Amino acid sequence: MRLMSYDVLAKHASVEERDILIHKYRWSLLTMGIISGMLGAVPTFFWATSALALVLFPLVSFVALWIYSVIFVFAALWFAHFLLSALKALRQEELDKSLTIESRVIDAELPYHG
């Protein structure tokens, strides 16, 4: 979670923005990290449970490396999409706050010069 979050936000966000996003979305990012880690264990599970993996070692190793690569790319794109969308929303929210001018309406009677 921390590694992927830092990698995505290192070039695009300031330190303050990165800290805000990681704190604000820590549970979502942790869930994404756990799911990505569990997906990364799928090829290992295949290696460990299949006797056929020993017989077809060259083919199985190629497929396993390909699956590892696909899962890594999927996780990187998932984190990038999520965090860059969150960064865009954070910056839009900060922009809206800075452009909002608080106005006070004073209820006063104007003098009559009649």
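Residues numbered from 1 in each chain as written. Predicted model: local features only at pLDDT ≥ 70, side-chain atom pairs only at ≥ 80, totals over all residues. Heavy atoms only, no water.

Here's the deal with the environment of Tyr6
Along the chain, Tyr6 turns up in helix α1 (residues 2-9). Separated by 13 residues in sequence, Tyr6 and Asp19 place their C-alpha atoms 9.7 Å apart. (Helix = DSSP H or I, 4+ residues; strand = E, 2+ residues; numbered from the N terminus.)

So, the pattern of salt bridges
According to the stated counting rule, one finds 2 salt bridges in the structure shown. The residue Arg91 makes a salt bridge to Glu17 at a minimum N-O spacing of 3.0 Å. Here Glu17 lies in helix α2 (residues 15-24) and Arg91 lies in helix α6 (residues 57-99), a separation of 74 residues in the sequence. (Salt bridge = Lys/Arg side-chain N within 4 Å of Asp/Glu carboxyl O.)

Some points on the packing of helix α3 (residues 26-40) against helix α4 (residues 42-49)
Contact geometry for α3 and α4: axes closest at 4 Å, N-to-C directions at 30 degrees. Between α3 and α4, the angle is such that the two are roughly parallel. The residues of α4 that touch α3, namely those facing Met38, Leu39 and Gly40, are Val42, Pro43 and Thr44. The class makeup of the residues in the contact of α3 with α4 is 4 nonpolar, 2 polar and no charged. (Axes fitted to C-alpha atoms, helices over the stretch in contact; angles between N-to-C directions. Parallel < 35°, antiparallel > 145°, perpendicular 65-115°, else oblique. Contact = heavy atoms within 4.5 Å. Nonpolar A, V, L, I, M, F, W, Y, C, P; charged D, E, K, R; others polar.)

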